[in-house]
Amino acid sequence: MKWTHVTVAVAKGRILDGTRRLWTDAGLVWPIRDKSRQLWARPTDQTPGVIIARSRDISTLVARGIADLGVVGLDVLREYPDPGVIQVADLAFARCRVVLAGKQPVWPEGPTRIATKYRRIAEQFFREQAHPIEIVSLSGSLELAPLIGLAPYIVDIVDTGRTLKEHGLVEVTTLFESTARLIANPALWRTKPAVGALRSLFCQKSESLDE
Ligand code: PRP
Ligand code: MG
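Residues numbered from 1 in each chain as written. Chains lettered and ligands numbered in written order. Predicted model: local features only at pLDDT ≥ 70, side-chain atom pairs only at ≥ 80, totals over all residues. Heavy atoms only, no water.

1. Some words on the overall build of the protein chain
Line of reasoning, step 1. Helix and strand counts for the protein chain stand at eight helices and twelve strands.
Line of reasoning, step 2. In terms of overall dimensions, the protein chain has C-alpha extents of about 60 × 35 × 25 Å along its principal axes.
Line of reasoning, step 3. Here the protein chain, with 211 residues, has 46% of them falling under the buried criterion.
Line of reasoning, step 4. Here the contacts in the protein chain between residues at least 6 apart in sequence split such that 69% fall between residues at least 24 apart.
Line of reasoning, step 5. When the accessible surface of the protein chain is totalled, it reaches about 11300 Å², and 48% of it is carbon and sulfur. (Helix = DSSP H or I, 4+ residues; strand = E, 2+ residues; numbered from the N terminus. Buried < 20%, exposed > 50% of the residue type's maximum accessible area, 1.4 Å probe, protein only. Contact = heavy atoms within 4.5 Å. Areas by Shrake-Rupley, 256 points an atom, 1.4 Å probe, with all protein chains shown as cover.)

Set out below in structure tokens:
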């Protein structure tokens, strides 16, 4: 397969590390220079192109056809849904849980404040529980919120649980489990055989999703 016309947008952080492994396990040469700040590698005959971007921008790049495929967490896809992309595989890495956490493992009594970078996810969850909340939007370091009196609860992702533990916080409940997802531009997905071929290479150890 020639990869000259295929580009994959990859989210920075945990997703990037896992994608790099997926890439080399698939027998492809990872085109980003080691320890560099390089954000883009053009596709060549031997390997698809890579664009490294912020997680919430991956769908935009795929929906606009700048990238054929994207690798991004389900947490981000749920927080920033984009009708211009389809999920084509659960890549089964970057596994984590989106949880409600606080100082005690007890459900909030009455209306409460929730600090989160997942406003939409948290609002939907508490709406389903018919529990009134006020969201305090933060973009990171959420574990601080209960400690400094900003909000008694947070909705955040937990991977090893170490960050919660180090801040004396505990899980109250899990909202859902997240993994890295492969997303595609539906038009390019239907018309470029190399894009489907790349999914097959990536999915040797995981599950394709019906598009
Ligand atoms: C994420 C998340 C938690 C932590 C969970 O933060 O928001 O804080 O990782 O991982 P753990 O359970 O293995 O400790 P991240 O490092 O991405 O930083 P940010 O929240 O400041 O963006
Ligand atoms: Mg964090």
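2. Side note on the site of ligand 1
Line of reasoning, step 1. Within the structure, ligand 1 sits among 13 residues, and Glu 143, Asp 156, Thr 160, Gly 161 and Thr 163 are positioned closest to it.
Line of reasoning, step 2. One of the side-chain N or O atoms of Glu 143 is found 2.5 Å from an oxygen atom in ligand 1.
Line of reasoning, step 3. Note that an oxygen atom of ligand 1 is positioned 2.7 Å from one of the side-chain N or O atoms of Asp 156.
Line of reasoning, step 4. Protein chains bury 72% of the 500 Å² of accessible surface belonging to ligand 1 in isolation.
Line of reasoning, step 5. Elements represented by at least two residues in the shell around ligand 1 include exactly β9 (153-158) and α6 (162-166).
Line of reasoning, step 6. Per-element accounting of the shell around ligand 1 gives the leading share, three residues, to β9.
Line of reasoning, step 7. Partitioning the shell around ligand 1 into residue classes produces two nonpolar, five polar and six charged. (Near = heavy atom within 4 Å. Polar contact = N/O pair within 3.5 Å; in protein donor to acceptor, adjacent residues only side chain to side chain. Nonpolar A, V, L, I, M, F, W, Y, C, P; charged D, E, K, R; others polar.)

3. Some remarks on the pattern of salt bridges
Line of reasoning, step 1. One pass over the full model with this rule turns up nine salt bridges.
Line of reasoning, step 2. Of the charged contacts, one joins Lys 192 and Asp 68 as a salt bridge, the two residues approaching to 2.6 Å between their closest N and O atoms. One end of the pair, Lys 192, is in the loop between α7 (186-191) and α8 (193-202); the other, Asp 68, is in the loop between α2 (58-63) and β4 (69-73), with 124 residues separating them in the sequence.
Line of reasoning, step 3. Residue Glu 123 is joined to Arg 119 by a salt bridge in which the shortest nitrogen-to-oxygen separation is 3.1 Å. (Salt bridge = Lys/Arg side-chain N within 4 Å of Asp/Glu carboxyl O.)

4. A few points about helix α4 (residues 119-128)
Line of reasoning, step 1. Every buried residue of α4 is accounted for by Ile 121, Ala 122, Phe 125 and Phe 126. What you see down the axis of α4 is that its buried residues fit within an arc of 120°, all on one side. α4 presents Arg 127 and Glu 128 as exposed residues on the side facing more than 90 degrees away from its buried surface.
Line of reasoning, step 2. Here the buried face of α4 lies against α3 (74-79), β6 (96-102), β7 (112-116), β8 (133-137), β9 and β10 (170-178). (Arc of directions from axis to C-beta.)

5. Considering the pairing of strand β1 (residues 7-11)
Line of reasoning, step 1. The buried fraction of β1 amounts to five of the five residues, a majority that puts the element mostly inside the structure.
Line of reasoning, step 2. Residue alternation in β1 divides its side chains into two sets, Thr 7, Ala 9 and Ala 11 and Val 8 and Val 10, and both sets are buried.
Line of reasoning, step 3. Direction of pairing for β1 relative to strand β3 (residues 49-53): parallel, over a ladder of five bridges. The residue of β3 that forms the bridge with Thr 7 is Gly 49.
Line of reasoning, step 4. Sheet topology places β1 next to β4; three bridges connect them, and they run parallel. (Pairing = 2+ DSSP bridges.)

6. With respect to α8
For an α-helix, 3.6 residues make a turn, and residues three or four places apart therefore share a direction.
Line of reasoning, step 1. Burial in α8 covers these residues: Ala 194, Val 195, Leu 198, Arg 199 and Phe 202. Seen from one end, α8 has its buried residues packed into an arc of 145°, which puts them on one side.

7. Observations concerning the nonpolar core
Line of reasoning, step 1. Ranked by internal contacts, the top residues of the largest apolar core, which has 43 residues, are Ile 58, Leu 69, Val 71, Leu 91, Leu 182, Leu 198 and Phe 202.
Line of reasoning, step 2. Apart from the residues within four sequence positions on either side, Leu 69 is in contact with Thr 7, Val 8, Ala 9, Val 62, Val 88, Leu 182, Ile 183, Ala 184, Trp 189, Val 195 and Leu 198.
Line of reasoning, step 3. Counting 14 residues, the second-largest nonpolar core is a separate cluster that includes Ile 114, Ala 122, Phe 125 and Phe 126. (Core = buried A, V, L, I, M, F, W, Y, C linked by side-chain atoms within 4.5 Å.)

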